[in-house]
Amino acid sequence: MADLCVVIPALDEEARIGQTLSALAAQRYRDFDVVVVDNMSTDRTVQRVREFSAAHPDMSVEVVEEPEKGTGAAADTGMRFAAARGATRLARTDADCLPDPNWTAELTAGFDAGLRMIAGRMRPRTDEGLSWSQMLGMRTMFVLGTYLGKLNPDFRGPQFHGPYILTPGCNMAITAELYEAAGGFPRTRIEDEHEDKALHGRVRMLTSEYGKRRGAVVYGSCRRIAAWGYRNTFLWYYDHRFRPEHVDIR
């Protein structure tokens, strides 16, 4: 396995997983492998991945299964699978996201500069029918989330080696050794805990060698905003203060 592995947890994403893989195939830095973790999809997600892999023999794409429901459990399985196969640098995106063509190059440059955990920038996808004002609202939500995170007393204190940085699970990377030292993503359901926030907190208690890489851009889905509106979406991401019956929006 290559030093860099991109892990993608997936649940019932047959309509979008091909686009995510195509975005990875278009990366300018191509020395990486891909692991898709199927979280027991009931649609054709796995078939789509295997069809893509067959059509792109120059790109290593593997599928592993995780029967325990949850983005934390699925992402953790993929990270540990990649590390066990020899990957020393682990990146994660999600099966409804589109990494920018420079994404893997920017992550690699961040690692080469000494970072052990990297947070990229989020941008809204432009192909899901939202207006420019709605997409601007989503970008504003990211900025507000970062600002409030820095003010949150739970994220401040002498136990942390550095400041809070918004580290979205769909646009982050970490060395395999730090992932192991921090205990990895908590194996939780998305309804119970934001596993990306939990991992970032653990990393901050171990090291200050983490940071933002502004050139590492991922375009994320706006499906929750379309379904829930701005207020409820923000409250969902801000410590689950909005708790809908169904969170797996398709």
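Asker: What exactly am I supposed to notice about the overall build of the protein chain here?
Answerer: On a plain count of helices and strands, the protein chain comes out with 8 helices and 8 strands. For the C-alpha atoms alone, the extent of the protein chain along its principal axes is close to 50 × 40 × 35 Å. Here the protein chain holds 250 residues, and 54% of them are scored as buried. Considering only residue pairs separated by 6 or more positions, the protein chain has 80% of its internal contacts joining residues 24 or more positions apart. Of the roughly 11200 Å² of accessible surface on the protein chain, a fraction of 52% belongs to carbon and sulfur atoms. Here the protein chain carries 32 positive and 34 negative side-chain charges, and the mean point of each set is 7 Å from the other.

Asker: Where do I start with the pattern of salt bridges in this structure?
Answerer: Working definition: two side chains of opposite charge can pair if their charged atoms are close together. Overall, the coordinates contain 18 salt bridges when judged by the stated rule. For Asp-58, the salt bridge goes to Arg-30, with nearest N and O atoms at 3.5 Å. With Asp-58 in the loop between helix H2 (45-55) and strand S3 (61-65) and Arg-30 in the loop between helix H1 (17-25) and strand S2 (32-38), this residue pair connects regions lying 28 residues apart in the sequence. Of the residues examined, Arg-30 reaches a relative accessible area of 37% and is grouped as partly exposed.

Asker: Please clarify how helix H7 (residues 195-204) should be interpreted in this entry.
Answerer: Residues three or four positions apart in an α-helix share a direction because the helix packs 3.6 residues into each turn. The buried fraction of H7 is high, at 8 of 10 residues. Along H7, the residues classified as buried are Glu-195, Asp-196, Ala-198, Leu-199, His-200, Gly-201, Val-203 and Arg-204. At its buried positions, H7 is contacted by helix H3 (71-84), strand S4 (89-92), strand S6 (117-124), strand S7 (172-175), helix H6 (176-181) and strand S8 (210-220).

Asker: Looking at this model, I keep getting lost on the nonpolar core. Mind explaining?
Answerer: Nonpolar side chains in soluble globular proteins tend to be buried together. Counting 35 residues, the largest nonpolar core has Ile-8, Leu-21, Leu-24 and Val-34 as the members making the most contacts within it. Every element with two or more residues in this core is listed here: strand S1 (4-10), H1, S2, H2, helix H4 (103-112), S6, helix H5 (132-151) and S8. Once you skip the residues sitting within four places of it in the chain, Val-34 turns out to touch Cys-5, Val-6, Ile-8, Leu-21, Leu-24, Met-59, Ser-60, Val-61 and Glu-62. Of all hydrophobic cores here, the second largest spans 24 residues; its members include Val-64, Ala-176, Phe-185 and Leu-199.

Asker: Hey, could you run me through the environment of Cys-170 in this one?
Answerer: In this fold, Cys-170 is placed in the loop between H5 and S7. Measuring from C-alpha to C-alpha, the distance between Cys-170 and Pro-101 comes to 15 Å, with 69 residues separating the pair along the chain. Apart from the residues lying within four places of it in its own chain, the contact partners of Cys-170 are Arg-92, Thr-93, Asp-94, Cys-97, Met-122 and Val-218.

Asker: Please explain unusual backbone geometry as it appears in this structure.
Answerer: Unusually for a residue other than glycine, Asp-12 sits at a positive phi of about 50°. Among the structural elements, Asp-12 can be located in the loop between S1 and H1. Despite not being glycine, Met-40 has its phi angle at roughly 65°, a positive value. By the element assignment, Met-40 lies in the loop between S2 and H2. A residue is classified by how much of its surface remains accessible, and Met-40, at 41% relative accessible area, is partly exposed.

Asker: Even after reading the chapter, I still don't get the sheet that holds S2, so can you show me in this structure?
Answerer: Hydrogen bonds along the backbone pair up the strands of a sheet, which may run parallel or antiparallel. Across the sheet, which stays open at both edges, the 8 strands sit in the order S3-S2-S1-S4-S7-S6-S8-S5 with mixed pairing between neighbours. The two strands at the open ends of the sheet, each matched to only one other strand, are S3 and strand S5 (98-99). Relative to S7, S4 runs antiparallel, the two sharing 4 bridges. Looking at the pairing, Arg-89 lines up with Thr-175 of S7. Across the sheet, H3 lies against S1, S2, S3, S4 and S7, angled at about 150° from S4, the strand it touches most.

Asker: Would you mind going over the pairing of S6 with me for this structure?
Answerer: Look at any regular strand and the pattern is simple: side chains alternate between the two faces of the sheet. Across the 8 residues of S6, 7 count as buried, placing the element largely inside the fold. Of the pairings in the sheet, the one linking S6 to S7 comprises 3 bridges and is antiparallel in character. Residue pairing for S7: Met-117 is matched across the bridge by Ile-174. Examined bridge by bridge, S6 and S8 share 7 bridges and lie parallel to one another. Directly across from Pro-124, in S8, lies its bridge partner Gly-220.

Scoring rules and cut-offs
- Residues numbered from 1 in each chain as written.
- Predicted model: local features only at pLDDT ≥ 70, side-chain atom pairs only at ≥ 80, totals over all residues.
- Heavy atoms only, no water.
- Helix = DSSP H or I, 4+ residues; strand = E, 2+ residues; numbered from the N terminus.
- Buried < 20%, exposed > 50% of the residue type's maximum accessible area, 1.4 Å probe, protein only.
- Contact = heavy atoms within 4.5 Å.
- Areas by Shrake-Rupley, 256 points an atom, 1.4 Å probe, with all protein chains shown as cover.
- Lys, Arg positive; Asp, Glu negative; His and termini not counted.
- Charge placed at Lys NZ, Arg CZ, Asp CG, Glu CD.
- Salt bridge = Lys/Arg side-chain N within 4 Å of Asp/Glu carboxyl O.
- Core = buried A, V, L, I, M, F, W, Y, C linked by side-chain atoms within 4.5 Å.
- Pairing = 2+ DSSP bridges.
- Axes fitted to C-alpha atoms, helices over the stretch in contact; angles between N-to-C directions.

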